[in-house]
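Residue strings, one per chain:
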Amino acid sequence: MLHIRRSSRASWHGPASTGSGTLDLGRRGASLPFSLRSRVGEEPATNPEELLGSALAGCFSMSLANLAEENGTPVESVDAVAVVHLVQTAEGFRIPTVELSCVVRAPGVAEDKVREMAEHAERTCPVRLLYAADVTLRVEVES
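What you are looking at is a predicted structure, and each value in this text was computed from that prediction instead of being measured.

1. Brief notes about the sheet that holds strand E3 (residues 30–35)
- Taken together, 3 strands build an open sheet; the order of strands is E1-E2-E3 and the sheet is antiparallel. Edge positions in the sheet fall to strand E1 (8–13) and E3, since each has one partner strand and no second. Along the sheet, successive strands turn relative to each other by an average axial angle of 20 degrees, direction set aside.
- Here strand E2 (residues 20–25) runs beside E3; their pairing, made up of 6 bridges, is antiparallel. Its bridge partner lying in E3, glycine 21 is registered against phenylalanine 34.

Take a look at the structure:
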């Protein structure tokens, strides 16, 4: 059985309200700044929710492309966006909802087949399976 391990690193300095950190991603060492201001405000940096969205959008896109290829109907492209909702509740901050949408370019493949494969990819993508939140999927097919 195949078992793959991947890691990322986070480093934080200072108090939550004024501090900042870096998120070091993968083996190439891409380093992204993050802070509370980029999480709840508009500071031009990233935050964990955006990274979760990127992970889901990337995993879903690859899963859909794989399913289409296995089905003998490869897609030309999948552009996916995941909107992660961070909500403050009485128990603390939670992610109750993620909206996943995609535009699929698959010339010659019936629209209902593309939707069926997209729904299967959404249900089975490994990153999606991490979420306890409701993940909604919207599919747009281009010909």
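2. What to know about the domain arrangement of the protein chain
- Partitioning the protein chain into domains gives domain 1 (1–46) and domain 2 (48–141).
- On a C-alpha basis, the centres of domain 1 and domain 2 stand 22 Å from each other.
- Between domain 1 and domain 2, the residue contacts involve 7 residues of the former and 5 residues of the latter.
- For the domain 1 and domain 2 pair, buried surface summed over both sides reaches about 530 Å², with 62% attributable to carbon and sulfur atoms.
- If you sort the residues of domain 1 by the area they bury against domain 2, Leu23, Arg39 and Thr46 come out on top, with a joint share of 68%.
- Applying the counting criterion to the domain 1 and domain 2 interface returns 1 salt bridge.
- Inspection of the domain 1/domain 2 interface yields 2 residue pairs in polar contact (both at pLDDT 80 or more).
- Mapped by element, the contributors of at least two residues to the side of domain 1 that touches domain 2 are E2 and E3.

3. Focus: the pairing of strand E5 (residues 92–105)
- Inspection of the sheet shows strand E4 (residues 77–89) paired to E5 by 12 bridges, in the antiparallel sense. Bridge assignment links serine 77 to a residue of E5, and that residue is arginine 105.
- Counted between consecutive antiparallel strands, the loop separating E4 from E5 contains 2 residues.
- Pairing geometry for E5 and strand E6 (residues 134–142), over 9 bridges, is parallel.

4. A few points about the environment of valine 40
- Assignment of secondary structure puts valine 40 in helix H1 (residues 36–40).
- Sequence separation between valine 40 and leucine 86 is 46 residues; the distance between their C-alpha atoms is 9.1 Å.

5. Comments concerning the pattern of salt bridges
- Within the structure shown, the criterion is met by 7 salt bridges.
- A salt bridge links arginine 39 to glutamate 49, with the shortest nitrogen-to-oxygen separation between them at 2.5 Å. Here arginine 39 is found in helix H1, whereas its partner glutamate 49 is found in helix H2 (residues 48–70), with 10 residues between them in sequence.
- Judged by relative accessible area, which is 39%, arginine 39 ranks as partly exposed.

Conventions we followed
Residues numbered from 1 in each chain as written. Predicted model: local features only at pLDDT ≥ 70, side-chain atom pairs only at ≥ 80, totals over all residues. Heavy atoms only, no water. Pairing = 2+ DSSP bridges. Helix = DSSP H or I, 4+ residues; strand = E, 2+ residues; numbered from the N terminus. Axes fitted to C-alpha atoms, helices over the stretch in contact; angles between N-to-C directions. Domains from an automatic or database assignment. Contact = heavy atoms within 4.5 Å. Buried area = accessible area lost by both parts, 1.4 Å probe. Salt bridge = Lys/Arg side-chain N within 4 Å of Asp/Glu carboxyl O. Polar contact = N/O pair within 3.5 Å; in protein donor to acceptor, adjacent residues only side chain to side chain. Buried < 20%, exposed > 50% of the residue type's maximum accessible area, 1.4 Å probe, protein only.

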